[in-house]
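Results of the structural survey
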Amino acid sequence: MEHEKFEETVTVVSQEQIGTDIYSMWLRAEQIAAHAVAGQFVSLYCADGSRLLPRPISICEIARERGEIRLVYRVAGEGTKEFSGMCPGAQRRAVGPLGNGFPKEQKKALLIGGGIGIPPMLALAKETDCEKQVVLGYRDELFLLEDFKKVFGETADESVYIATEDGSAGTRGNVLDVIRERKLSADVIYACGPGPMLRALKEYAAEQKIPCWISMEERMACGIGACLACVCKSKDVDAHSNVKNKRVCAEGPVFLAEEVET
Amino acid sequence: MVFFMNLGVDLCGVKLKNPVMTASGTFGSGQEYGEFVDLNRLGAVVTKGVAAVPWEGNPTPRVAEVCGGMLNAIGLQNPGIDVFVKRDIPFLKQFDTKIIVNVCGHTTEEYVAVVERLADEPVDMLEINISCPNVKEGGIAFGQSPKTVEAITAEIKRHAKQPVIMKLSPNVTDITETARAAEAGGADALSMINTITGMKIDIHRRCFALANRTGGMSGPAVHPVAVRMVYQSAQAVYIPIIGMGGILTAEDAIEMILAGASAVSVGTANFTNPHATEQIAAGIAAYMERYGVGDIRELVGAVHDR
């Protein structure tokens, strides 16, 4: 799939810390906001010229009418540390929207996010109008939970479930423990999160014989499919690469789980 | 009065409209960056290395950022010459730019197979990658000994219909030895530098940042090394040199040209700025206008002592 990509100067509208090392930033990004769909990402450049590569960050919310996007990201190094210090009015170059979003299958859906894989699921929760439930997996500290509850309003209690590794909130364990404990079922799964979570969901979806769309993460350089840095292993020979590799930035980041190695 | 400038470069009989080309491996075959850059404005597109058969490349992570640069260990993943000829050459033929195909292989025979396959294709030049630090056989193994550089150059020249550019490794004690060896083997031009072997360690996990442990370093941090090697080689050989290594701006490109490069390749800068190639070409023209340089060739190797 080919989508139109834009390079534009984006402006910070607001930024707040919403967890340990986790930040939420609204950016004015007219063209990106106008074209983005849930599951896509943007490449955000640093102002510090010694950091050459853009940071790929998934889109957490899209406010098309305001020409804004929301990025929720974890500070993982000097580049994201720079972003976390940006105040309203600060500008950076960005390229986006990049990659392919989640396909909307119009079936009863389970939206599953783990850790820093949670943010893109908020965009999806807001943009899918089918019957859906959300399962969020945290280590201990909760973030974005209220945003998900707001999407469901009065039905939040029977729509949004959480798991924490230490049992401090929701089900003790992981997202699959929630699915089993609450006997949740669906006709399609959408997920983003750490590798072990995606592997477990891929297996679960295969048992249930339902499609499972997963969003993959890999170290990137160009972000647009040219450099072949961010590949994942695929079940079949890929049409572009002519080997069993798919580019996460170009063919992904969203893949049908059975088509890739997680 | 309109000041007339010539940015055109003649590389072994191939006439480039300007000296700016893309560095192999950073630009695919132009499809992706073609959404950001008008490929008609580039002197040439140098493609990602292509081998006789498809290569899967290395495990991930394949890249890591370092201060002022990056490491890569892609491992020359490529779709093989058949797909390349069918898909990538027709794509590039739509544009008014020269096509330079970068060729890789594990053995001399594999390089020759690709070179022969390209003989009747509408390709302007061949760039032979004997300097990739990220593959176990071939690549850099050919590029570090002057004797093997001369031998493989001679063998490729026996089969090539297009002018042959040998891409040299900076991971040698004396770049002029390999430059002279390539010239002695019959190379029509040289490309330098390929990446410098480096390593990054994730101190929090205490593991190598790259799955391949080592990777090739590129980006502005290597630029002075590249300028020095281009300068030394330009003193040592008669054939033209295509300079690359950390060119981020037009100023960097001009430095390389003054050191002795007839043309330049832009690589890592594409990742930092998708418009880099086009902007560097425009910036070179602006520099020439500012200093009243009528012909880009006046700048080649024009550096002198203070």
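Focus: the overall build of chain A
When helices and strands are counted, chain A shows six helices and 15 strands. Taken over C-alpha atoms, the radius of gyration comes to 18 Å for chain A, in line with the 18 Å a tight globule of 262 residues would show. C-alpha atoms of chain A, sized along the principal axes, occupy 50 × 45 × 35 Å. In chain A, of all internal contacts separated by at least 6 residues, the share reaching a separation of at least 24 is 63%.

Remarks on the sheet that holds strand S5 (residues 68-74) of chain A
All names here are of chain A. Here six strands make up a closed barrel; going around it, the order is S1-S2-S5-S4-S3-S6 and the pairing antiparallel. Sheet twist, expressed as the average angle between the axes of neighbouring strands with direction ignored, equals 45°. Across six bridges, strand S1 (residues 6-19) lies against strand S6 (residues 91-98) in antiparallel orientation. Bridge pairing in S6 links Glu8 to Ala94.

Structural notes on the nonpolar core
A general tendency of soluble globular proteins is for nonpolar side chains to be buried together. If you look at the biggest cluster of nonpolar residues, it comprises 191 residues, and the most contacted ones within it are Ile189 and Leu201 of chain A together with Leu190, Val230 and Val264 of chain B. No fewer than three residues from each of domain 1 (6-98) and domain 2 (109-259) of chain A sit in this core. Every residue in contact with Val230 of chain B, bar those within four places of it in the chain, is listed here: Met192, Ile241, Gly243, Met256, Ala259, Gly260 and Ala261 of chain B.

What about the domain arrangement of chain A?
All names here are of chain A. Domains assigned within chain A are domain 1 (6-98) and domain 2 (109-259). Placing a centre on the C-alpha atoms of domain 1 and another on those of domain 2 gives a separation of 21 Å. With 21 residues of domain 1 at the contact, the number on the domain 2 side is 19 residues. Elements with a minimum of two residues in the side of domain 1 that touches domain 2: S1, strand S3 (41-44), strand S4 (55-63), S5 and S6.

Regarding the environment of Met166 of chain B
Residues and elements named next belong to chain B. Mapped onto the secondary structure, Met166 falls in strand S9 (residues 164-167). The exposure class of Met166 is buried, given the 32 C-beta atoms found within 10 Å. C-alpha of Met166 to C-alpha of Cys104: the two residues are 62 residues apart in sequence and 11 Å apart in space. With near-sequence residues (within four places) excluded, Met166 lies in contact with Ile128, Ile130, Thr153, Ala182, Ala187 and Leu190.

Structural notes on helix H1 (residues 81-93) of chain B
Residue and element names in this part refer to chain B. Maximal helix bending in H1 amounts to about 25°, located at Arg87; proline Pro90 follows within four positions. Burial in H1 covers these residues: Ile81, Phe84, Asp88 and Leu92. On the buried face of H1, the contacting elements are strand S4 (44-46), strand S7 (98-103) and helix H2 (108-117).

Quick word on unusual backbone geometry
A negative phi angle characterises most non-glycine residues, just as the trans form characterises most peptide bonds. Each neighbour pair has its own omega, and for Gly252 of chain A with Pro253 of chain A the value is 0°, a cis peptide bond. That bond from Thr60 of chain B to Pro61 of chain B is cis: its omega, 0°, falls within 30 degrees of zero. Mapped onto the fold, Pro61 of chain B is located in the loop between S4 and strand S5 (63-66). Positive phi outside glycine occurs at Lys183 of chain A, with the angle close to 50°. Relative to the helices and strands, Lys183 of chain A is located in the loop between helix H5 (175-181) and strand S11 (188-192).

A short note on the pairing of S3 of chain A
All names here are of chain A. Where burial is concerned, the two faces of S3 agree: the one with Phe41 and Ser43 and the one with Val42 and Leu44 are both buried. In terms of strand pairing, S3 meets S4 through four bridges, oriented antiparallel. Across the sheet, Ser43 pairs through a bridge with Pro56, a residue of S4. Pairing geometry for S3 and S6, over three bridges, is antiparallel. Bridging across to S6, Phe41 finds its partner in Leu98.

Conventions adopted
Within any chain, residue numbers begin from 1 and follow the written order of that chain's sequence. Each chain is given a letter, starting from A, and each ligand a number, starting from 1, according to the order in which they appear as written. Local features in a predicted model are, by the rule used here, given only for residues with pLDDT of at least 70; side-chain atom pairs are given and counted only at 80 or more, and totals for whole chains, interfaces and linings are based on all residues. Going along the chain from the N terminus, every DSSP run of H or I of four or more residues is numbered as a helix, and every run of E of two or more is numbered as a strand. To get the radius of gyration, use the C-alpha atoms; to get the globule rule, take the number of residues to the power 0.38 and multiply by 2.2 Å. We call two residues in contact when the distance between their C-beta atoms, placed using the backbone, is within 7 Å. Here, a strand pair is defined by DSSP locating no fewer than two bridges between the strands. An axis is simply a line fitted to the C-alpha atoms; with a helix, the fit covers only the stretch in contact. Between two such axes, the angle follows the N-to-C directions and lies from 0 to 180 degrees. Defined on buried residues, the nonpolar core groups Ala, Val, Leu, Ile, Met, Phe, Trp, Tyr and Cys residues joined through C-beta atoms within 7 Å. Counting other C-beta atoms within 10 Å of a residue's C-beta gives its exposure: the residue is buried at 20 or more, exposed at 12 or fewer, and partly exposed in between, where C-beta atoms are placed from the backbone. Note: domain ranges come from an automatic or database domain assignment. Each residue is assigned a bend, namely the angle between axes fitted to the seven residues that terminate at it and the seven residues that start at it.

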